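Structural features, examined
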Amino acid sequence: METSKPKQIHLNVPQILDWMVQANVSVHLWGRATGKTEGPGARHSMTCMNSMPRSLGGIVSSSYDKLLTMIIPGLQQGWEKFGYQENLHYFIRKFAPDGFFQAKPFRQPKKSEHYIPWWNGAGAVMISLDRPSTSVGINLDWMWADEARLIKEEAFNAAYLTVRGNAEHFGHLSCHGSLLITTDLPKDSRGKWLYKYIDEMDPKAVNLVIGLQQRIAQLNKDYQQLTKRQQLAVDREIAKINDYCNKIRKDLVYVSFASTIDNIHALGLDVIKRFRRMLTELDFQVSVLSKRLEQVEHGFYIGFDADRNLYIPDEEAGAWNYVDSLQLDFRDNITKDWRWDGDLITDQPLDIALDYNRAISCMVIGQETLRTDFVRNFMYVEEPLMLKDLINNFCDYYKGYPTPVVNYYYDHTALLGKNASSDIRHAEEVKYILAERGWEVIDCYIGQAPSHRSRYYLINKLLKGDDTRLPLVKFHHSNTEDLVTSMNNAGTRRGMDGISKDKRPEDDPNVKAIEATHPTEALDQLLYGKHFKKLSGDSSFIETF
């Protein structure tokens, strides 16, 4: 009878090193498409659950929609490479049928909607930091946090405190209490805490483990050609090496950096070239080449503070009821719409403002309450897509919204330019397509575009929330990531009438459009249009028309 050949699995160099080191704390700051989820994420979760039957781990994300649309689908692909099949070796968001698995975790969650049971009685809880209930009352044996650059340190520390269970069963293993962090490099202040792990790493200990794993590989190379006695001797030596590695790993911290180019053997050069064409210079340097980003000094939006100005929809108010009701197939592309957001006041209109440019068109979507002006969403399209595509994307996303009304804020620049796709002015095109798609448009023309000095004065007051005449501005933590990144990297320069936003990157052919200040221009129009009259009597608020 012919024996089947071992399955060949491709791993890039960073993934191989992760597999060899397996530190108790691993922090991988890797670029886009380096295989963070299918590689270290799958490896760490499989190792922990297979090594600790009846254990319970946690898979952590900044938002629940990222768990459902990005992390779990990628994790499934990684598990399937190693032969693990859904509804056979594991289930997602449901318990295994009675008697299907022989064991359960020592402390299994009471509800299944955030749970992944594993074949040997182990399991993993899906934890999102925008849903506090996903981590209430759990004791974990291991944790994996993905896209940690979007997680603030205090929120991460609170989640990490749940790693505290079953030392009497697994305390002798280096994977017990282990932590894996995978992410692109931080683009703003939220993720800068990740760099502190560099100071905790002992490179000599890491290299020692790598060397010992290389020794095991050498011993296994010709194993089948050895006699039984020789194999027993090799088995004893490998066991001693593994025992020694386990002791080293229990206190080991490993930080690694990798660029997308490290995965070129799997991706091919054409993919790297496509990233070069499609991504912004900022995203390419940070997300692909994995270069550390330094925060811009003297920022135009100096009043922005992530703790104060980012918000998470209220789970207790039913923000996730719609998503929880869905039966999702994680092998299909999962498409979000407005019902996923969970934060909209559905009997109120949406406030919108845009920036119009041949290279990029941007839209900011908001809603205001008595004391808070919420920036709910941010959308954009780049060449070859045009303004009409952006408006249609908005209509598709908000299809079925109970109050199909928009307050459309725009200044004189929307009346000057014409879109390449038509012979009508930008404002006219926006209103025409919205009306054609069934939206009522309330015209909110604000006149001449405001000076940068006035915008700087007004918007930073809105961001700081220290003026009783104005609401506090807050941004949806997940939907506005690109907008917030643009804000954090918008600089200032000295203008004719004082401070000015540094818009020179917009004219730099080496800077991609979404990296420049275009997104912030749409934000400025929305916030200025809604609030400038509230400061019209302020002598410090000088505007020239």
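To keep things clear, this report deals only with the structure shown in the data block. (Residues numbered from 1 in each chain as written. Predicted model: local features only at pLDDT ≥ 70, side-chain atom pairs only at ≥ 80, totals over all residues. Heavy atoms only, no water.)

1. Thoughts on the state of the cysteines
Covalent bonding between the sulfur atoms of two cysteines defines a disulfide. Rules: Whenever a pair of cysteine sulfur atoms sits within 2.5 Å, that pair is classed as a disulfide.
Under the defined criterion, the tally for this structure stands at zero disulfides. Here Cys-175 is not disulfide-linked; the sulfur of Cys-48 is the nearest cysteine sulfur, at 4.9 Å.

2. Re empty space enclosed by the protein
To locate leftover empty space, one rolls a probe as large as a water molecule over the atoms. Here is the rule: The method works on a 1 Å grid over the protein atoms by themselves. A cavity is a set of points holding a 1.4 Å probe that cannot get out, a pocket is an open set with protein on both sides within 12 Å along at least five of seven lines, and residues with an atom within 4 Å of a point line them. Grid points are joined across faces, edges and corners, and a volume is the space filled by probe spheres set on the points. Labels follow the DSSP assignment, with helices taken as runs of H or I lasting at least four residues and strands as runs of E lasting at least two, numbered in each case from the N terminus. Polar here means any residue other than Ala, Val, Leu, Ile, Met, Phe, Trp, Tyr, Cys and Pro, which are nonpolar, and Asp, Glu, Lys and Arg, which are charged; Gly is therefore polar.
Under the defined criterion, the tally for this structure stands at three cavities of 30 Å³ or more. Here the largest cavity is characterised by a volume of approximately 70 Å³. In this structure, the largest cavity is lined by Ile-9, His-10, Leu-11, Gln-15, Asp-18, Trp-19, Glu-38, Gly-39, Pro-40, Arg-43, Lys-81 and Phe-82. Of all the elements, helix 2 (residues 37-51) adds the most residues to the lining of the largest cavity, at four residues. Residues that form the lining of the largest cavity fall into these classes: five nonpolar, three polar and four charged.

3. Some words on the layout of surface pockets
Taken as a whole, the second largest pocket spans an internal volume of roughly 420 Å³. Contributing to the lining of the second largest pocket are 16 residues, with Pro-109, Lys-110, Lys-111, Val-136 and Ile-138 lying nearest its centre. Among the residues forming the lining of the second largest pocket, the class breakdown is six nonpolar, six polar and four charged.

4. Thoughts on the pairing of strand 11 (residues 372-382)
What counts here: Partly exposed residues are those whose accessible area sits between 20% and 50% of the maximum for their type, while under 20% is buried and over 50% is exposed, using a 1.4 Å probe and protein chains only. Note: two strands are recorded as paired if DSSP finds a minimum of 2 bridges between them.
Here strand 11 lies mainly inside the structure; nine of its eleven residues are buried. Sheet analysis places strand 10 (residues 360-368) next to strand 11, joined by nine bridges and oriented antiparallel. Across the sheet, residue Ser-361 finds its bridge partner in strand 11, namely Val-381. Adjacent in sequence and paired antiparallel, strand 10 and strand 11 are bridged by three residues. Both strand 11 and strand 14 (residues 472-476) contribute to a ladder of four bridges, which runs parallel. Bridge pairing in strand 14 places Thr-372 opposite Leu-472.

5. Considerations on the pairing of strand 5 (residues 142-146)
Most of strand 5 is tucked away: five of the five residues are buried. Residues Trp-142, Trp-144 and Asp-146 line one face of strand 5 and the alternating positions Met-143 and Ala-145 line the opposite face, and both faces are buried. The pairing of strand 5 with strand 6 (residues 178-183) spans five bridges and is parallel. Its bridge partner lying in strand 6, Ala-145 is registered against Ile-181.

6. A word on the nonpolar core
Our working rule: We call a set of buried Ala, Val, Leu, Ile, Met, Phe, Trp, Tyr and Cys residues a nonpolar core when their side-chain atoms join them within 4.5 Å. Throughout, a contact is declared for two residues whenever any of their heavy atoms are within 4.5 Å.
Of all hydrophobic cores here, the largest spans 34 residues; its most connected members are Tyr-301, Phe-304, Val-364, Phe-475, Leu-483, Met-487 and Leu-523. Those elements giving two or more residues to this core turn out to be strand 10, strand 11, helix 17 (452-464), strand 14, helix 18 (481-488) and helix 19 (518-531). The dominant element in this core, judged by the number of residues it contributes, is helix 19, at five residues. If we ignore the near neighbours within four places in the chain, the residues touching Leu-483 are Val-364, Val-375, Phe-378, Phe-475, Pro-519, Thr-520 and Leu-523. Counting residues in each nonpolar core, the second largest holds 31 residues, with Cys-48, Tyr-84, Leu-180 and Val-323 among its members.

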